[in-house]
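# Breakdown of the fold
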Amino acid sequence: MGLLAGKKAVIFGVANEKSIAWAIAEAFKREGAELALTYANETVAKRVIPLAGEAGADLVLPCDVRSDADIKAVFNEVDKAWGGMDILVHSIAFANKEELKGSFLNTTREGFAMAMDISSYSLIGLVKEAAPLMEGREGSVLAMTYYGGQRVFPSYNVMGVAKAALEMSVRYLAEAVGPAGTRVNAISAGPLKTLAAAGVGGFNQIAGHVAEKAPLRRNITQEDVAGAAVYLSSSLARGVTGEIHFVDSGYNIIGL
Ligand code: 0WD
């Protein structure tokens, strides 16, 4: 029997087959979970709908996380179809490309607000609606973050600030939903070549540096993240909440 047998998982953030969320969906499926996937807009839908078919997802729903109505609609559908849920995965981030290069001083008020809304607030927005469906089911919420939310990296800029807010939201949310038996954690993943990473200036330089300096002397893969996601979403991690768990070949422990 799989580690997630009988669990119902709603996954936000599949954009294509390179997405971290897609590797998580595949691993969850393998471990026996039932899946619901969402897509941000019609362009993404063209790629996500066939992938959802491939994964045998029960539901594929539109959701732009900037919209409270979209978020509510997703969890209404989930409630109708499943009458509850066990796992929520938030694998979403966005910032203006012009603000993911050069100086942090290029950050605009509008760009800051948008990055914070889509990349940080959205976790709170999703958990607000999901929490009642997860109550008393030993539920698990999982978000994706990056070390650039704790230390300064070239070009990561406003996204680093958004990740810091996301990581603190993980802790506050863990406290807020803990009494109902729901856990909230994040994986801090090393650099991975995805659409989101393509938007970050100097990504190849960062990935090359990690491969050279990290204890494991390699970059991680989407499957490395998915393995940790299975553990954190399963009852093996039933005592773990409010945690930022690094899956980064150990890069974060290195001083020099
Ligand atoms: O190196 C990396 N790739 C790392 C990524 C290292 C550490 C963490 N992460 C994080 C990202 O910051 C993000 O939180 O992992 C998460 C997933 O990112 P990913 O898998 O690397 O990238 P991608 O496949 O692009 O998925 C992110 C998706 C969007 O993709 P696009 O490319 O269409 O912008 O986030 C979704 C969308 O599907 N997204 C939204 N979903 C709902 N509403 C929205 C939105 N408004 N905006 C973006």
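This report concerns the structure included in the present document. (Residues numbered from 1 in each chain as written. Predicted model: local features only at pLDDT ≥ 70, side-chain atom pairs only at ≥ 80, totals over all residues. Heavy atoms only, no water.)

### Some points on the packing of aromatic side chains
Condition: Two rings belonging to Phe, Tyr or Trp (six-membered ring only in the last case) form a pair when the distance between their centres is within 6.5 Å. Interplanar angles under 30 degrees mark stacking, angles over 60 mark edge-to-face geometry, and anything in between is tilted. Only protein chains enter the calculation, and the probe is 1.4 Å; a residue is then buried if its accessible area is under 20% of its type maximum, exposed if over 50%, and partly exposed in between.
All chains considered together, the criterion is met by 6 aromatic pairs. Measuring from ring centre to ring centre gives 5.3 Å for Tyr146 and Phe153, while their planes differ by 50°; the resulting arrangement is tilted. Note on Tyr146: relative accessible area 11%, which makes it buried. The class for Phe153 is buried, based on a relative accessible area of 13%.

### A look at the packing of helix 3 (residues 68-82) against helix 4 (residues 109-134)
Relative orientation and spacing of two packed helices are given, respectively, by the angle between their axes and the distance between those axes. Quick note on the threshold: Note on method: axes are straight lines fitted to C-alpha atoms, helices fitted across the in-contact stretch only, with angles between N-to-C directions ranging 0 to 180 degrees. Every helix listed is a DSSP run of H or I at least four residues long, and every strand listed is a run of E at least two residues long, numbered separately from the N terminus. Angle categories are assigned with fixed cut-offs, so that under 35 degrees is roughly parallel, over 145 is roughly antiparallel, 65 to 115 is roughly perpendicular, and the rest are oblique. The handedness criterion is simple: a crossing whose near helix is rotated anticlockwise from the far helix by less than a right angle is left-handed, and one whose near helix is rotated clockwise is right-handed. The contact definition used throughout considers only heavy atoms, calling two residues in contact when any of these lie within 4.5 Å. Charged residues are taken to be Asp, Glu, Lys and Arg, nonpolar residues to be Ala, Val, Leu, Ile, Met, Phe, Trp, Tyr, Cys and Pro, and polar residues to be all remaining types, Gly included.
Relative to each other, helix 3 and helix 4 sit at 20°, their axes nearing to 9 Å. Considered as vectors, helix 3 and helix 4 are oriented roughly parallel to each other. Crossing of helix 3 over helix 4 shows right-handed handedness. Contacts from Ile71, Lys72, Phe75, Val78 and Asp79 of helix 3 reach helix 4 at Gly125, Leu126, Glu129, Ala130 and Leu133. Taken together, the residues of the contact of helix 3 with helix 4 sort by class into 6 nonpolar, 1 polar and 3 charged.

### Describing the nonpolar core
Stated formally: To qualify as a nonpolar core, a set must consist of buried Ala, Val, Leu, Ile, Met, Phe, Trp, Tyr and Cys residues joined through side-chain atoms within 4.5 Å.
Counting 40 residues, the largest nonpolar core has Ile11, Ile24, Phe28, Leu35, Leu37, Ile187 and Val225 as its most contacted members. The element that contributes the greatest number of residues to this core is helix 1 (residues 20-30), accounting for 8 residues. With near-sequence residues (within four places) excluded, Ile187 lies in contact with Leu142, Ala143, Met144, Thr145, Val225, Ala228, Ala229, Leu232, His245 and Val247. Counting residues in hydrophobic clusters, the runner-up holds 33 residues, among them Val78, Ile92, Ile118 and Val127.

### Considerations on the sheet that holds strand 5 (residues 140-145)
What counts here: DSSP calls a pair of strands paired once it identifies at least 2 bridges connecting them.
Strand order in this open sheet of 7 strands is 3-2-1-4-5-6-7, and the pairing throughout is parallel. In this open sheet, the two strands that pair with only one neighbour each are strand 3 (59-62) and strand 7 (244-247). In this sheet, neighbouring strand axes are inclined to one another by 20° on average, regardless of whether the strands run parallel or antiparallel. In the packing of helix 2 (residues 42-54) onto the sheet, contacts are made with strand 2 (34-39) and strand 3, and the angle to strand 2 comes to roughly 165°.

### Considering the site of the ligand
Using the following cut-off: One heavy atom suffices: a residue is near a molecule or strand as soon as one of its heavy atoms comes within 4 Å of it. Whenever two N or O atoms come within 3.5 Å, that pair is a polar contact, provided that in protein one can donate a hydrogen and the other can accept it, and provided that, for residues adjacent in sequence, both atoms are side-chain atoms. What sets the accessible areas is the Shrake-Rupley method with a 1.4 Å probe; for residues, cover comes only from the shown protein chains.
For the ligand, the set of nearby residues contains 29 residues, the closest of which are Ser19, Ile20, Lys163, Leu192 and Thr194. Separating a nitrogen atom of the ligand from a backbone N or O atom of Val65 is a distance of 2.9 Å. One nitrogen or oxygen atom from the main chain of Ile92 is found 3.2 Å from an oxygen atom belonging to the ligand. The protein chains hide 91% of the 870 Å² of surface that the ligand would expose on its own. Among the elements of the structure, strand 5 and helix 6 (195-198) are those that each provide at least two residues to the shell around the ligand.

### Brief notes about the pairing of strand 2
Our working rule: Viewed with both strands pointing away, a crossover whose connecting path from the first strand over the helix to the second turns clockwise is right-handed.
Of all the 6 residues making up strand 2, 5 are buried; the element is thus mostly covered by neighbouring parts of the structure. Two strands pair when backbone bridges link them, and strand 1 (residues 8-12) and strand 2 are joined in this way by 4 bridges, in the parallel orientation. Bridge pairing in strand 2 links Val10 to Ala36. In this fold, strand 1 hands off to helix 1, which returns the chain to strand 2; that crossover is right-handed. The pairing of strand 2 with strand 3 spans 4 bridges and is classified as parallel. Pairing of Thr38 across the sheet is with Leu61, part of strand 3. What joins strand 2 to strand 3 is helix 2, and the crossover it makes is right-handed.

### Digging into the environment of Val177
Of note, Val177 is situated in helix 5 (residues 157-177). As for Val177 and Phe94, which are separated by 83 residues in sequence, their C-alpha atoms are 26 Å apart. Among residues more than four places away in sequence, those in contact with Val177 are Val127, Ala131, Thr182 and Val184.

### Here's the deal with the packing of helix 4 against helix 5
Contact geometry of helix 4 with helix 5 gives a least axis separation of 9 Å together with a crossing angle of 20°. One finds that helix 4 runs roughly parallel with respect to helix 5. In the crossing of helix 4 with helix 5, the sense of the turn from one axis to the other is right-handed. Contacts between helix 4 and helix 5 pair Gly111, Phe112, Ala115, Met116, Ser119, Ser120, Leu123, Ile124, Val127 and Ala131 from the former with Val158, Met159, Val161, Ala162, Ala165, Leu166, Ser169, Val170, Leu173 and Val177 from the latter. For the contact of helix 4 with helix 5, the class distribution of residues is 16 nonpolar, 4 polar and no charged.

Interpretation in functional terms is not warranted from these geometric data alone.
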